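Here is how the chains run, residue by residue.
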Number of protein chains: 2
Amino acid sequence: MSEKSQLQIARAAYQPKLPKALKGAVRTVEGKATQSVGNQEDIKALFPNTYGMPVVEFAEGGKAERKSFNVGIILSGGQAPGGHNVISGLYDGVKALDPANKLYGFLMGPGGLVDHKYVEFNDKLIDEYRNTGGFDIIGSGRTKLEEVEQFEKGREILDKLGIKALVIIGGDDSNTNACVLAEYYAAKKYGIQVIGCPKTIDGDLKNDQIETSFGFDTATKTYSELIGNIERDCNSARKYWHFIKLMGRSASHIALECALQTQPNVCLISEEIEAKSQSLDDIVDYIASIVATRAQKGDNFGTVLIPEGLIEFIPAIKKLISELNDTLATDEAKSIARENQIEYVKAHLSAVNLATFNSLPEDVASQLALDRDPHGNVQVSLIETEKLLSRMVERRLKTMKAEGKYVGKFSAQHHFFGYEGRCAAPSNFDADYCYSLGYNASRLIAAGKTGYMSVIKNTTAPAAEWIAGGVPITMMMNLERRNGKMKPVIRKALVELDGAPFRYFASKREKWALGTEYVYPGSIQYWGPSEVCDQPTATIKLEHGK
Amino acid sequence: MSEKSQLQIARAAYQPKLPKALKGAVRTVEGKATQSVGNQEDIKALFPNTYGMPVVEFAEGGKAERKSFNVGIILSGGQAPGGHNVISGLYDGVKALDPANKLYGFLMGPGGLVDHKYVEFNDKLIDEYRNTGGFDIIGSGRTKLEEVEQFEKGREILDKLGIKALVIIGGDDSNTNACVLAEYYAAKKYGIQVIGCPKTIDGDLKNDQIETSFGFDTATKTYSELIGNIERDCNSARKYWHFIKLMGRSASHIALECALQTQPNVCLISEEIEAKSQSLDDIVDYIASIVATRAQKGDNFGTVLIPEGLIEFIPAIKKLISELNDTLATDEAKSIARENQIEYVKAHLSAVNLATFNSLPEDVASQLALDRDPHGNVQVSLIETEKLLSRMVERRLKTMKAEGKYVGKFSAQHHFFGYEGRCAAPSNFDADYCYSLGYNASRLIAAGKTGYMSVIKNTTAPAAEWIAGGVPITMMMNLERRNGKMKPVIRKALVELDGAPFRYFASKREKWALGTEYVYPGSIQYWGPSEVCDQPTATIKLEHGK
């Protein structure tokens, strides 16, 4: 075990809060049969054994009885603060039912199940990791559990270790796969339950049943700390525009939450840009006009938040990328020498996509045309959107200056935050929420459930009043086209333009753009006054009308 | 006033701790006459009125008496956490001597004094900014106070406002200029005192008299929070090498302190690289060999800390830059078309510098040859050293792989931290230290001192035991060549290779390189247990043998 920081030592003693109902023996309250959110007949046909099950809530006043079983746990996909607390909650929950119960962790993600790499948790190991960030206790990985062969390899080791239930911590895809696995084991009558757990800092795994995915709270608070610090610097030096890109490729929840916390001058929301069919030029116009208006009163500084996935939401660029992928995939294209590639691309693009291509700064255009991933696809993630935008804004301002529409100085700084927050020590909210999710999973297992996600609701109330239970994963599914095939998936939650968080932001952004209304959230606090330490995100509060 | 975060609201109530001696009326204890650290005769001749004054300490047990005077304050140069607390400490100190005393702040740096732009502080304004980060209360600026005309313009407004003393908060240059101003006003018998205050996150304003500059504590703790989070991610995902550049161009104190706090696999120290006359290739060799050794046991991940100023400390690059600046400054060079510039440069460089030039990756070489600042100089600060190094390491690893000396995967992520920490809300240490520096300045003024820096010593002890006093600025001076002229300056503190912090680091780094010994400091805490909230930096503890 490595040396520990003072914070880590002190924080180890924190006892996460549990919902009242989970503190003693629980009584299982079952609701009515459920349906999937879409394609009911198809989903039912795909999941005959795990479809239609009721939503479950745990209430106080159950009969205490010993329940003996072993459990396995897997961390799947990108890191999120609180993963270690799901594990410690599950461990404590399982041990409370019978101290002889064992909890195993599969190493480096789902691959550990298939390859039979695992560790057995004990008090010492768990105590080392209570309330810490990261997934390093067992590591994570991106292997997808999708094939029967994997399921059967998994069953071998689960049987060998006497594991009655597997808990999979992951995002939408991993939970979909958890359900496929649950269905397979149920169909085969292997007697192995599978429970999912909603994780992702991106915040896009939420719906009527799931209020928030774990890690979103801590990650956005960490990014907001940094954005607030930069805003304060910006407002002190009064000479830079800071362009700040934030992780999250498929939805803009992170950027939106950070904007609600820090009130920047500009925050782009990919979902809005797509809905309004905006072009890159429209976005540049929008930012440049704010820069110019602020400059009129001598404010040659500001902050701009940019969601990582922006570029793929711009309809024109999306079309360009799609045609580029097709154009560059041919054998002919692959045979063209690198120095002639751009000419080749230009000669082959359709007129409308060529116009988009030509509107891009030269180096971005060549990056799109030249750099490809092993599958031959354009590498969108390599594009430094924050620099692309600031350069295009700078160019626009030059034109505006020549036209007498802009008087000011423009100087930009660039930032990208992602890895800085994914493994932060969980906030009190995430520490409690994750511990509860894990503890709750042990109760779902004891209740014999499979194909369920561990769910904690009423999370804007104090933890004691949280509602613990389970939701059939099939209930959140519909069919979507993936790689050309219709597949059952959990619907990804994008930012809803008629939802309360976005509407609040939209009602304020003009004021924030021209005024300087920065808010400085500061660093996550674990011991201070409750209003500092125990607040959920602005997103969840607005969604719950608080 | 803008909306406040919960942390800001709660933190406003924090009462910074003062040294015991400053809590009541003080007694001034004067030491012996002092000398400058170098060039005594020259410094004495330049500062006849402010040379040789004694070091001053304040002791308890003075006679309480009303002291009436107005004071002005200026924030000079880059932001550092705690500036607002220097001001609130000074305000409280000045008001305690006579509630009728006034404190004025000059706006946007020294320029505000020259241009007569100022604000008068009152309780409401000060209370808005207690214990907050940033310099936004009055803004900062980089105007240098060096000309008699500026001094006289300053005197006009100081006289008009009845200001008896001016406090200048700044780094080594600003404090040097504060002393020049003190000397000028003393020579002219204007009756205006000038007091300096040691600020810089870079940590390079320290010596036998100054234990640390304010802001270094908070900034390095903020960077260490982020580095620790990245290390945790690194150790969870186990697939990336993170190259992290840290602000601080003229010294590597920040990188060293962060390394002591987080135990990364590699931390480069510019001062060592210069002392050992290492080349860029040597550095790349060093990193690549650690990557390769870690890869042997399957650890294809790690963290590398890089001080911002690195490139200028590498002797070969320093020479190349110097020749480039000369080569490109000629009228002939300026007349060469951009596309022929690189050829031109290559034709004109000396053989040894040409070799260095050719060893650089193409885009870095063209950046050096093509991008120049308004003075025609190479723009070293534009070079993304973190990317330069990771690309050169990648290239080296390819060669090593071909030679059978490396088996592994190398994938890099890049970060640069600077603005993220310069305006963080001050740690308890910086909040106390800065408040004490400001309060102490009021006592130096009351004691009639000028040309002194406000100094607080014994800072590894609890605040009550800190020693408050003043040090003649001339005592820290020597002559150094600046822009071709010998000038009196405060000697800049570089990392000392025989100092305790570096020696500790050097004794551990091999272990940290090959093992994975990361420490995760977490975010700055204001309310937790004292061992979490009240620790000074590792640098200062090691320097004091703690």
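Residues numbered from 1 in each chain as written. Chains lettered and ligands numbered in written order. Predicted model: local features only at pLDDT ≥ 70, side-chain atom pairs only at ≥ 80, totals over all residues. Heavy atoms only, no water.

Draft legend 1. View of the overall build of chain A. Tallying secondary structure elements over chain A gives 23 helices and 15 strands in all. The globule rule puts the C-alpha radius of gyration for 546 residues at 24 Å, and the 25 Å found for chain A is close to it. Considered along the principal axes of its C-alpha atoms, chain A spans approximately 80 × 60 × 45 Å. Per-residue burial over chain A gives 62% buried out of 546 residues. (Helix = DSSP H or I, 4+ residues; strand = E, 2+ residues; numbered from the N terminus. Rg over C-alpha atoms; globule rule 2.2 N^0.38 Å. Buried < 20%, exposed > 50% of the residue type's maximum accessible area, 1.4 Å probe, protein only.)

Draft legend 2. Region of the structure containing helix H19 (residues 428–446) of chain B. Residue and element names in this part refer to chain B. A rise of 1.5 Å per residue sets the reference length of H19, with its 19 residues, at 27 Å; its end C-alpha atoms lie 27 Å apart and thus fit the reference within 8%. Counting buried residues along H19, 19 of its 19 residues qualify, which places the element largely inside the surrounding structure. Downstream of H19 by a residue or two, Gly-448 has a phi angle that is positive, lying close to 80 degrees. (Expected span 1.5 Å × (residues − 1).)

Draft legend 3. Geometry of the sheet that holds strand E10 (residues 302–307) of chain B. Residue and element names in this part refer to chain B. Spatial ordering of the open sheet is given by E9-E10-E8-E11, a layout of four strands whose pairing is parallel. The open sheet has two edge strands with one neighbour each: strand E9 (266–267) and strand E11 (412–417). Summarising the sheet, strand E8 (residues 241–246) and E10 pair through six bridges and their orientation is parallel. Residue Phe-243 lies in a different strand from E10, and its bridge partner there is Val-304. Contacts from helix H9 (residues 253–262) reach E8, E9 and E10 within the one sheet, and its direction differs from that of E10 by about 155 degrees. (Pairing = 2+ DSSP bridges. Contact = heavy atoms within 4.5 Å. Axes fitted to C-alpha atoms, helices over the stretch in contact; angles between N-to-C directions.)

Draft legend 4. Structural detail: the pattern of salt bridges. In total, this model carries 59 salt bridges over all chains according to the counting rule given. Of the charged contacts in the structure, one is a salt bridge between Glu272(A) and Arg509(A), with a shortest N-O distance of 2.6 Å. Of the two residues, Glu272(A) sits in helix H10 (residues 270–275) while Arg509(A) sits in helix H21 (residues 500–514), which places them 237 residues apart along the sequence. Residue classification places Arg509(A) among the buried residues on the basis of a relative accessible area of 17%. With a shortest N-O distance of 2.8 Å, Asp127(B) and Arg130(B) are connected by a salt bridge. For Asp127(B), a relative accessible area of 40% gives the class partly exposed. The network of salt bridges with shared partners includes Lys144(A), Asp173(A), Glu480(A) and Arg482(A). (Salt bridge = Lys/Arg side-chain N within 4 Å of Asp/Glu carboxyl O.)

Draft legend 5. Molecular detail of the sheet that holds strand E4 (residues 103–106) of chain A. All names here are of chain A. Strand order in this open sheet of nine strands is E1-E2-E13-E12-E7-E6-E3-E4-E5, and the pairing throughout is mixed. Bordering the open sheet on either side are strand E1 (26–30) and strand E5 (118–120), each of which pairs with just one other strand. Strand-to-strand twist in this sheet, taken as the mean axis angle between neighbours without regard to direction, amounts to 30 degrees. Inspection of the sheet shows strand E3 (residues 70–75) paired to E4 by three bridges, in the parallel sense. Residue pairing across strands places Gly-72 opposite Tyr-104, the latter belonging to E4. Strands in contact with helix H20 (residues 428–446) are E1, strand E2 (56–60), E3, strand E6 (163–170), strand E7 (193–198), strand E12 (452–457) and strand E13 (467–472); relative to E12, the strand with the most contacts, it is inclined by about 135 degrees.

Draft legend 6. Spatial organisation of the packing of helix H15 (residues 341–348) of chain B against helix H16 (residues 351–359) of chain B. Residue and element names in this part refer to chain B. At their nearest, the axes of H15 and H16 sit 8 Å apart, and the two run at 140 degrees to each other. For the pair H15 and H16, contact is made by Ile-342, Val-345 and Lys-346 and by Leu-354, Phe-357 and Asn-358, respectively. Split by residue class, the contact of H15 with H16 holds four nonpolar, one polar and one charged. (Nonpolar A, V, L, I, M, F, W, Y, C, P; charged D, E, K, R; others polar.)

Draft legend 7. The arrangement of the interface of chain A and chain B in detail. If you look at the interface, chain A gives 62 residues, while chain B gives 61 residues. Joining chain A to chain B, the criterion identifies six salt bridges. In this structure, the salt-bridge partner of Glu384(A) is Lys387(B), at a minimum N-O distance of 2.7 Å. The tally of links between chain A and chain B comes to 28 residue pairs in polar contact (both at pLDDT 80 or more). For the side of chain A that touches chain B, the elements supplying multiple residues, two or more each, are helix H1 (6–11), helix H8 (216–237), strand E11 (412–417), helix H19 (419–422) and helix H22 (530–533) of chain A. Grouping the constituent residues of the side of chain A that touches chain B by class yields 23 nonpolar, 24 polar and 15 charged. (Polar contact = N/O pair within 3.5 Å; in protein donor to acceptor, adjacent residues only side chain to side chain.)

Draft legend 8. View of the packing of aromatic side chains. With the rule as written, the count across this model stands at 30 aromatic pairs over all chains. Geometrically, the ring pair formed by Tyr104(B) and Tyr118(B) is edge-to-face, given 5.8 Å between the ring centres and 80 degrees between the ring planes. In this pair, Tyr104(B) is assigned in strand E4 (residues 103–106) and Tyr118(B) in strand E5 (residues 118–120), connecting sequence segments 14 residues apart. Residues Phe429(B) and Tyr433(B) carry aromatic rings whose centres are separated by 5.4 Å and whose planes lie at 25 degrees to one another, so their mutual orientation is stacked. Residue Phe429(B) and its partner Tyr433(B) are located together in helix H19, separated by four residues, close to a single helical turn. Per residue, the accessibility class of Phe429(B) equals that of Tyr433(B), and both read buried. Members of the aromatic cluster, joined through ring pairs, are Phe151(A), Tyr184(A), Tyr185(A) and Tyr190(A). Above the plane of the ring of Tyr14(A) lies Arg11(A), whose end atom (NZ or CZ) is 4.2 Å from the centre. Directly above the aromatic system of Phe416(A) lies the positively charged group of Lys245(A), at a separation of 4.6 Å from the ring centroid. (Phe/Tyr/Trp six-rings, centres within 6.5 Å; stacked < 30°, edge-to-face > 60°. Lys NZ or Arg CZ within 6 Å of the ring centre and 35° of its normal.)

Draft legend 9. Fine view of the relation of the copies chain A and chain B. Mapping chain A onto chain B is achieved by rotating through 180 degrees and translating by 0.0 Å along the same axis, at an RMSD of 0.0 Å. Those values place the two copies in the arrangement expected of a two-fold rotation axis. Most of the interface of chain A is mirrored in chain B, where 98% of its interface residues are also at the interface. (Least-squares fit on C-alpha atoms with pLDDT ≥ 70 in both.)

Draft legend 10. The arrangement of the side chain of Asp430(A) in detail. Residues and elements named next belong to chain A. Mapping Asp-430 onto the fold places it in helix H20. Salt bridges are absent for the buried Asp-430, whose nearest opposite-charge side chain, Lys-221, sits at 7.3 Å. Not counting residues up to four positions away in its chain, the partners in contact with Asp-430 are Pro-81, Phe-214, Gly-215, Phe-216, Asp-217, Thr-218 and Tyr-435. (Lys, Arg positive; Asp, Glu negative; His and termini not counted.)

Draft legend 11. Looking closely at the environment of Asp285(A). With respect to the helices and strands, the residue Asp285(A) is situated in helix H11 (residues 280–296). Between the C-alpha atoms of Asp285(A) and Leu161(A), which are 124 residues apart in sequence, the distance is 61 Å.

Draft legend 12. Just the packing of helix H13 (residues 315–329) of chain A against helix H16 (residues 351–359) of chain A, in detail. Residues and elements named next belong to chain A. One can describe the packing of H13 onto H16 by two numbers: an axis separation of 9 Å at closest approach and a directional angle of 105 degrees. Viewed along their axes, H13 and H16 adopt a mutual orientation that is roughly perpendicular. Along the contact surface, H13 presents Ala-316, Ile-317, Lys-319, Leu-320 and Glu-323, while H16 presents Asn-353, Thr-356 and Phe-357. Across the contact of H13 with H16, the residue classes tally to four nonpolar, two polar and two charged. (Parallel < 35°, antiparallel > 145°, perpendicular 65-115°, else oblique.)

Draft legend 13. Fine view of the environment of Leu161(B). Residues and elements named next belong to chain B. The residue Leu-161 is located in the loop between helix H6 (148–160) and strand E6 (163–170) in this model. What makes Leu-161 buried here is its relative accessible area of 10%. When sequence neighbours within four positions are dropped, the list of residues in contact with Leu-161 reads Asn-70, Tyr-104, Phe-106 and Tyr-118.

Draft legend 14. Region of the structure containing the confidence of the model for chain A. Within chain A, residue pLDDT values average 95, and 99% of them lie at 70 or more. The complex prediction reports pTM at 0.96, with the ipTM value standing at 0.96. (pLDDT = per-residue confidence, 0-100.)

Draft legend 15. Seen up close, the pairing of strand E14 (residues 477–482) of chain B. All names here are of chain B. With six bridges connecting them, E14 and strand E15 (residues 485–490) associate as antiparallel partners. Bridged to Leu-479 within E15 is Pro-488. If you look at the hairpin formed by E14 and E15, you'll find two residues sitting between the two strands, and Asn-483 has a positive phi there, around 50 degrees.

Draft legend 16. Seen up close, the state of the cysteines. All names here are of chain A. Under the criterion given, the structure shown has zero disulfides over all chains. With no disulfide of its own, Cys-267 lies 8.2 Å from the sulfur of Cys-258, the closest cysteine sulfur. You can call Cys-267 buried: its relative accessible area is 4%. Cysteine Cys-434 shares no disulfide, and the gap to the nearest cysteine sulfur, in Cys-197, comes to 7.1 Å. With a relative accessible area of 0%, Cys-434 lands in the buried category. (Disulfide = S-S within 2.5 Å.)

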